[in-house]
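Understanding the architecture of this molecule
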Amino acid sequence: MDSLSLIGKVATSGLRAQSERMRVVSENVANANSTAETPGGDPYRRKVVSFGELLDDSTGVSHVEIADIERDMTDFTVRYEPSHPAADETGYVKMPNVNPLIEMSNMREASRSYEANLTMLENARAMRNRLIDMLE
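Described in the following lines is the structure provided in the data block. (Residues numbered from 1 in each chain as written. Predicted model: local features only at pLDDT ≥ 70, side-chain atom pairs only at ≥ 80, totals over all residues. Heavy atoms only, no water.)

**Considerations on the overall build of the protein chain**
Short version of the rule: Comment: elements are numbered from the N terminus, with helices defined as DSSP H or I runs of at least four residues and strands as E runs of at least two. The atom set for the radius of gyration is the C-alpha atoms, and the globule formula is 2.2 Å times the number of residues raised to the power 0.38. Between buried and exposed lies partly exposed: a residue is buried under 20% and exposed over 50% of the maximum accessible area for its type, with that area taken using a 1.4 Å probe on protein chains only. In what follows, residue pairs with any heavy atoms lying within 4.5 Å of each other are defined as contacts. All accessible areas in this document rest on Shrake-Rupley with a 1.4 Å probe, and a residue is counted as covered only by the protein chains that are shown. Charged residues are defined narrowly, with Lys and Arg counted positive, Asp and Glu counted negative, and His plus the chain ends left uncounted. Think of each charge as sitting on NZ of Lys, CZ of Arg, CG of Asp or CD of Glu.
In terms of regular secondary structure, the protein chain is built from two helices and four strands. In the protein chain, the order of α-helices and β-strands from amino to carboxyl end is α-β-β-β-β-α. Whereas a compact globule of 136 residues would reach a radius of gyration of roughly 14 Å, the protein chain reaches 22 Å, over 25% beyond that. When the backbone C-alpha atoms are referred to their principal axes, the protein chain occupies close to 80 × 25 × 15 Å. Counting the 136 residues in the protein chain, one finds 30% classified as buried. Sequence separation of 24 or more characterises 60% of the internal contacts of the protein chain that already satisfy a separation of 6 or more. Carbon together with sulfur atoms contributes 52% to the accessible area of the protein chain, which is approximately 8,800 Å² in total. The positive charge centre, built from 15 side chains, and the negative charge centre, built from 22, are 4 Å apart in the protein chain.

**Quick word on the packing of helix α1 (residues 3–30) against helix α2 (residues 100–135)**
The relative placement of two packed helices is expressed as an angle between their axes plus a distance between the axes. In plain terms, the rule: Only C-alpha atoms enter the line fits that serve as axes; for helices the fit covers just the stretch in contact. Angles between N-to-C directions range over 0 to 180 degrees. Comment on the angle field: the value is read as roughly parallel under 35 degrees, roughly antiparallel over 145, roughly perpendicular from 65 to 115, and oblique elsewhere. Crossing handedness: left-handed means the near helix sits turned counterclockwise from the far one by under a right angle, and right-handed means the same turn made clockwise. Polarity classes work like this: nonpolar for Ala, Val, Leu, Ile, Met, Phe, Trp, Tyr, Cys and Pro, charged for Asp, Glu, Lys and Arg, and polar for all others, with Gly in that last group.
At a closest axis distance of 8 Å, the pairing of α1 and α2 adopts a crossing angle of 160°. Considering their axes alone, α1 and α2 lie roughly antiparallel with respect to each other. Every pair of crossing elements has a handedness; the one defined by α1 and α2 is left-handed. Of the residues assigned to the contact of α1 with α2, the class counts are 17 nonpolar, twelve polar and four charged.

**A short note on the environment of Arg16**
Looking at the element boundaries, Arg16 is found in helix α1. Considering only alpha carbons, one finds Arg16 and Val64, 48 residues apart in sequence, at a separation of 8.5 Å.

Structural data, given as structure tokens:
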């Protein structure tokens, strides 16, 4: 397999990984205010993506993969709302451990990484086309 094809495979694995990361961040943002359905229950717990490295034995090239999607075990914040259906006996409601500012920062980072991988893929394609033009 030629080097330009290998670049394409690496960039594609990065695109897939960042796309999944953006999906998880979007899910976190969508559930930033999702409380429990029962009094005193736990609300939505933020998810965090961990990346891993996958070595392709046939080419010797490393690819990016999603190693795990874990739940963030940081503490929930509580808010005093005695009339809320999820309030405990003291009137406090547990709120999700999602910070929209952090999630937007993660989304921006994932988006920039996605763009970088896309640019790498486009540059490899352009180099291949220039090589073909030179051979003609």
